[in-house]
Amino acid sequence: MALAQNENYIRILIFPGVFKNDNDSSVLHGEVLGIEMGSKISNLSKPIDIQYNNATLVKSGLTPKCVSWDNNKRNGNEPNWTTDGCTTIKNSDNVKCQCSHLTFFGILLSSVPLIEDGKPEKLLTFEAPKTPLDSDQAAKLMKNLSFILDLMGNSSSAAIKMGNITGVMSRLPKQNQTVMDFGFQSSGDVMILKENNNGVTNIKQTIHFPKKASKSAVEQNGSFAGVFLFPEIEKLNKTSSFFNNEMMGVEMGVSISNLSETIDIHFTDVNTTEFNATCVSWDGTSKEEGGKNKWITDGCLTNEANGSITCQCSHLTFFAILMSTDVQISSSDLKTLTQITKAGCGISLFFLGVALFMHFLIRKTKASESVKILMNLFVALFFLNLCFLVNESIAKLKVSAACVAMAAALHYSMLATFTWFFMQALHLYFNLHQISTGIKYYMGKICITGWVVPAVVVVGLLASSKYDYIDISDNNGTSVTMCWIPDYATHLVVNISYYGIVFIFTLTIFVVTVVQIKHFTPKEAKTQESTKKRVFSLLGLFCLLGITWGFAFFSYGPLLLPSYYIFTVLNSFQGFFLFVYYYFSSRILPEVSKQTKSSNQTSETVSKSPYG
């Protein structure tokens, strides 16, 4: 290449007196080798070989790196040594530099040895903890890893053993940071891997540090990367646990967050068919006791493929895979739904109380059978909302007897509400056919059925000890404890089946009523009655019959989240909606006389206010 540029000489010079490059590295013998051929020579297909024969250098434990001087870049007043264009080959008694260009060359010696593929250079064993560490105890350990650096001496890396806890520590070079990869084998050994290494077998977990993570740590005066695997982590709750009961702690001595290149933690052989697997990280800023609210999904992405899961996280902390048998929603959605439910139940509780006050204390006329049935429904809904609002507080007391009583009260009020939906539909059917007055002790039989049937079911469950604590959790592992029926099969048979029967009957009566309104209302009434009143009546009837609870049957697949929101809004505010309907119906339309005989008049009454 030099001859092609009309150059016919080569100049090789040795320059002494080159001092340390930085605090952790220096140039071998304080010398650099300059090679020049009169023209710029670069990108050689066959590199120039520069060999240093120095057995002492190779055995010293220092890291030799072939570097060249880049005249175009400056680091303050010192030359910028770079490894670009040069490859370092370290043999048993020499170091060879293969470079594709001409400039000044040297061997840069670093106190941080090169990381090579294989086991860490040193093994440090510590006393095992007397009991398995929880998240808080493990966090304290990870924040005090710097003392291990002193025990490592000149070693670049060390495997750590603390009983069942295994880990690895690696020093960070001050310059020319690279990616780092570590692997945990099934045997318990820790391996240092090259990027995209496929040669090491029996790896159950790997962790990949991007170059930017190391660079960010060094810029903040960080000097190490530590990865520890903590076993025997207890279950988060009854339905959620950690994969292999393990969590992985990652620490670099400084705060690392918002990385543009993620830290990738790969887990193999994850059962994703029977469980919902989600990558979570530990939030050490949470103040909740027991760590239950300290596991979050923020900052981590879950990538699943072929029975393996890769957690891509932009920060450092503890990481794990949360395995759950439940279909879970996100933490933000759970929080929003909880706030809507509490607000709706509180508002409904207030307005149901107002309606009951108006009925029992300031009513001036005798109540019809329709209003009496409606008031029974109001009482059931009132206690349902009240029991739901105080349930969590009772559960926090951790008094088993109180929790069982609370669960039974909540269950009874819910079944009573369902039963009174059924009674509402039954009365509407009788009213349409004008047969209610023909039944002896009609209201007495209605009330006995509405309040006794749910009591029989609850007493049976109390005798079978079916009430206890349950944990409701989201995909972060955040859970709320309540008093309810922990056995899903019992819940399915008793509650879902019970309401299923009610739903079929009430929906049928609703359809029949709408058809009768359409066919028997006189044309004059159709033209006079506004669309607004018709919609108001139908929506009121929809709530009166409890058909809104049927949205629970759509909480599967892609409809899961929308059905949750629709169900929560309609049913938590149901008491308020019924109060509005009752109030305006009683003001707009007077009580319909029982002497109404015309089917047209009856249909018109139903279309306007079936329970006015």
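Quick notes on the rules
For every chain, the first residue of the written sequence is number 1, and numbering continues from 1 onward in sequence order. Under the rules for a predicted model, residues below a pLDDT of 70 receive no local features and side-chain atom pairs below 80 are neither given nor counted, while totals for whole chains, interfaces and linings still include all residues. Only hydrogens and water are set aside; all other atoms, that is, all heavy atoms of the structure, feed into the side-chain values. Relative accessibility decides the category of a residue: with a 1.4 Å probe and only protein chains considered, values under 20% of the type maximum give buried, values over 50% give exposed, and everything between is partly exposed. What counts as a helix is a DSSP run of H or I of at least four residues, what counts as a strand is a run of E of at least two, and both are numbered from the N terminus. Should DSSP find at least two bridges between two strands, the strands are taken to pair. Axes here refer to lines fitted to C-alpha atoms; in helices the fit is confined to the stretch in contact. Angles between the N-to-C directions go from 0 to 180 degrees. Stacked, tilted and edge-to-face pairs are distinguished by plane angle, under 30 degrees for stacked and over 60 for edge-to-face with tilted covering the rest, among Phe, Tyr and Trp rings (Trp via its six-membered ring) whose centres lie within 6.5 Å. As a reminder, the over-ring test applies to NZ of lysine and CZ of arginine, requiring each to be within 6 Å of the ring centre and within 35 degrees of the ring normal. We count a salt bridge whenever a side-chain nitrogen from Lys or Arg sits within 4 Å of a carboxyl oxygen from Asp or Glu. A patch is a set of surface residues, each over 30% in relative accessible area and not in a salt bridge, joined within 9 Å for like charges and within 5 Å for the nonpolar side chains Val, Leu, Ile, Met, Phe, Trp and Tyr. Here the open area of atoms and residues is found with the Shrake-Rupley method and a 1.4 Å probe, where only the protein chains shown may cover a residue. In this text, buried Ala, Val, Leu, Ile, Met, Phe, Trp, Tyr and Cys residues form a nonpolar core when linked through side-chain atoms within 4.5 Å. Between two residues, a contact is recorded if the distance between any of their heavy atoms is within 4.5 Å. Handedness of a crossing follows from how the near helix is turned relative to the far one, being left-handed for an anticlockwise turn of less than a right angle and right-handed for a clockwise one. Think of it as three bins: nonpolar holds Ala, Val, Leu, Ile, Met, Phe, Trp, Tyr, Cys and Pro, charged holds Asp, Glu, Lys and Arg, and polar takes everything else, Gly as well. Any pair of cysteine sulfurs within 2.5 Å is marked as a disulfide. Each residue carries a pLDDT value, the predictor's own confidence for that position, ranging from 0 to 100. Each residue after the first adds 1.5 Å to the expected span of a helix. Two axes enter the bend calculation: one fitted to the seven residues ending at the residue in question, the other to the seven starting there, and the bend is the angle between them. Relative orientations are named as follows: roughly parallel for angles under 35 degrees, roughly antiparallel for angles over 145 degrees, roughly perpendicular for angles from 65 to 115 degrees, and oblique for any other angle.

### Quick notes on the pairing of strand E13 (residues 180-185)
Line of reasoning, step 1. Counting buried positions along E13 gives six out of six residues, so the element sits mostly inside the fold.
Line of reasoning, step 2. Of the two faces of E13, the one carrying Met180, Phe182 and Phe184 and the one carrying Asp181, Gly183 and Gln185 are both buried.
Line of reasoning, step 3. Pairing of E13 with strand E15 (residues 203-209) involves six bridges; the strand directions are antiparallel. Along E15, the bridge assignment pairs Met180 with Phe209.
Line of reasoning, step 4. As paired strands, E13 and strand E14 (residues 190-193) are joined by four bridges and run antiparallel to one another. Its bridge partner lying in E14, Asp181 is registered against Leu193.
Line of reasoning, step 5. Hairpin connection from E13 to E14: four residues lie between these consecutive antiparallel strands, with Gly188 at a positive phi of about 100 degrees.

### Here we look at the sheet that holds strand E8 (residues 94-99)
Line of reasoning, step 1. Pairing is antiparallel in the open sheet, where three strands are placed in the order E4-E8-E7. A single partner strand is all that each edge strand has here, and the edge strands are strand E4 (48-53) and strand E7 (86-90). Averaged over all neighbouring strand pairs, the angle between strand axes comes to 20 degrees, with direction disregarded.
Line of reasoning, step 2. Of the pairings in the sheet, the one linking E7 to E8 comprises five bridges and is antiparallel in character. Bridging from a neighbouring strand, Thr88 pairs with Cys97 of E8.

### Some words on the packing of aromatic side chains
Line of reasoning, step 1. Evaluation of the coordinates by the stated rule reveals 30 aromatic pairs.
Line of reasoning, step 2. With a centroid separation of 5.1 Å and 85 degrees between ring planes, the pair formed by Phe418 and Trp549 is classed as edge-to-face. Remark: Trp549 occurs in the loop between helix H11 (531-544) and helix H12 (560-572) and Phe418 occurs in helix H7 (residues 400-433); sequence separation between them is 131 residues.
Line of reasoning, step 3. Look at Phe418 and you get buried, because its relative accessible area is 3%.
Line of reasoning, step 4. Ring plane angle 55 degrees and centroid distance 6.1 Å describe the contact between Tyr429 and Phe430, whose orientation is recorded as tilted.
Line of reasoning, step 5. Each residue in the set Phe350, Phe351, Phe573, Phe576, Phe577, Phe579, Tyr583 and Phe584 is aromatic and connected to the rest through ring pairs, giving one cluster.
Line of reasoning, step 6. One residue, Lys398, lies across the ring of Tyr469, its end atom 5.4 Å from the ring centre.

### Focus on the pattern of salt bridges
Line of reasoning, step 1. Overall, the coordinates contain six salt bridges when judged by the stated rule.
Line of reasoning, step 2. When the shortest N-O distance is used, the salt bridge between Asp487 and Lys466 registers 3.9 Å. Highlighted residues: Asp487 in the loop between strand E26 (479-484) and helix H9 (488-520) and Lys466 in the loop between helix H8 (442-463) and strand E25 (468-473), separated in sequence by 21 residues.
Line of reasoning, step 3. Classification of Asp487 as partly exposed rests on a relative accessible area of 32%.
Line of reasoning, step 4. In this structure, a network of salt bridges that share partners links the residues Lys342, Glu392 and Lys396.

### Brief notes about a nonpolar patch on the surface
Line of reasoning, step 1. A cluster of nonpolar residues, Tyr488, Leu492, Val493, Ile496, Phe553, Phe554, Tyr556 and Leu559, forms a patch on the protein surface that exposes about 810 Å² of accessible area.
Line of reasoning, step 2. Of note, Tyr556 is situated in the loop between H11 and H12.

### Things to note about the nonpolar core
Line of reasoning, step 1. Phe378 and Phe418 are the most contacted members of the largest nonpolar core, which totals 62 residues.
Line of reasoning, step 2. Among the elements that make up this core, the one with the highest residue count is H7 (17 residues).
Line of reasoning, step 3. The residues contacting Phe378, other than those within four sequence positions of it, are Leu352, Ala355, Leu356, Leu578, Phe579 and Tyr582.
Line of reasoning, step 4. Judged by nonpolar contacts, the second largest core, of 36 residues, contains Val168, Ala217, Ile263 and Cys313.

### Considering the packing of helix H5 (residues 331-361) against helix H6 (residues 369-396)
Line of reasoning, step 1. Contact pair H5 / H6: the axes reach a minimum separation of 9 Å and the direction vectors enclose 145 degrees. Judged by the sense of rotation from one axis to the other, the crossing of H5 with H6 is left-handed. In this structure, H5 uses Thr341, Lys342, Cys345, Gly346, Ser348, Leu349, Leu352, Gly353, Ala355, Leu356 and His359 to contact H6, whose residues at the interface are Val371, Met375, Phe378, Val379, Leu381, Phe382, Asn385, Leu386, Phe388, Leu389 and Glu392.
Line of reasoning, step 2. Partitioned by chemical class, the residues of the contact of H5 with H6 number 14 nonpolar, six polar and two charged.

### Regarding the state of the cysteines
Line of reasoning, step 1. A full pass over the atoms with the stated rule returns five disulfides.
Line of reasoning, step 2. Here Cys279 engages in a disulfide with Cys311; their sulfurs sit 2.0 Å apart. The disulfide joining Cys279 to Cys311 has a torsion of about -80 degrees about its S-S bond and is therefore left-handed. Of this pair, Cys279 sits in strand E20 (residues 276-282) while Cys311 is found in strand E23 (residues 308-313), placing the two residues 32 residues apart along the sequence. Each member of the pair, Cys279 as well as Cys311, is classed as buried.
Line of reasoning, step 3. Going through the protein chain in sequence order and numbering each bonded cysteine, the pairs you get are 1-3, 2-4, 5-7, 6-8, 9-10.

### What about the environment of Tyr581?
Line of reasoning, step 1. Of note, Tyr581 is situated in helix H13 (residues 574-588).
Line of reasoning, step 2. Along the sequence, Tyr581 and Gly540 sit 41 residues apart, while their C-alpha atoms lie 5.9 Å from each other.

### A word on the confidence of the model for the protein chain
Line of reasoning, step 1. Model confidence for the protein chain is summarised by a mean pLDDT of 80, while 80% of its residues fall at 70 or above.
Line of reasoning, step 2. Long-range and interchain partners of residues 289-293, a stretch whose pLDDT sits below 50, account for nine contacts in this model, where long-range means more than four residues apart.
Line of reasoning, step 3. Below pLDDT 50 for its whole length, residues 588-612 participates in 50 contacts with residues either more than four positions away or in separate chains.

### Points about the side chain of Asn391
Line of reasoning, step 1. For Asn391, the position within the fold is in helix H6.
Line of reasoning, step 2. For Asn391, a relative accessible area of 0% corresponds to the buried category.

### Topic: the sheet that holds E23
Line of reasoning, step 1. If you walk across this open sheet you meet the six strands as E14-E13-E15-E19-E23-E22, and the pairing is antiparallel. Sheet topology places E14 and strand E22 (300-305) at the edges, where each strand pairs with a single neighbour. Here the average twist between neighbouring strands, direction ignored, is 20 degrees.
Line of reasoning, step 2. The pairing of E15 with strand E19 (residues 263-267) spans four bridges and is antiparallel.

### Re H6
Line of reasoning, step 1. Its 28 residues place the ends of H6 42 Å apart at the C-alpha level, agreeing with the 40 Å of an ideal helix rising 1.5 Å per residue.
Line of reasoning, step 2. Helix geometry: H6 is bent most strongly at Val390, by close to 40 degrees.

### As for the packing of H6 against H7
Line of reasoning, step 1. The geometry of H6 relative to H7 is characterised by a closest axis approach of 8 Å and an angle of 155 degrees between their N-to-C directions. Taken together, the axes of H6 and H7 are roughly antiparallel relative to one another. Considering how the two elements wind past one another, H6 and H7 form a crossing that is left-handed.
Line of reasoning, step 2. Classifying every residue of the contact of H6 with H7 by side-chain character gives 21 nonpolar, seven polar and one charged.

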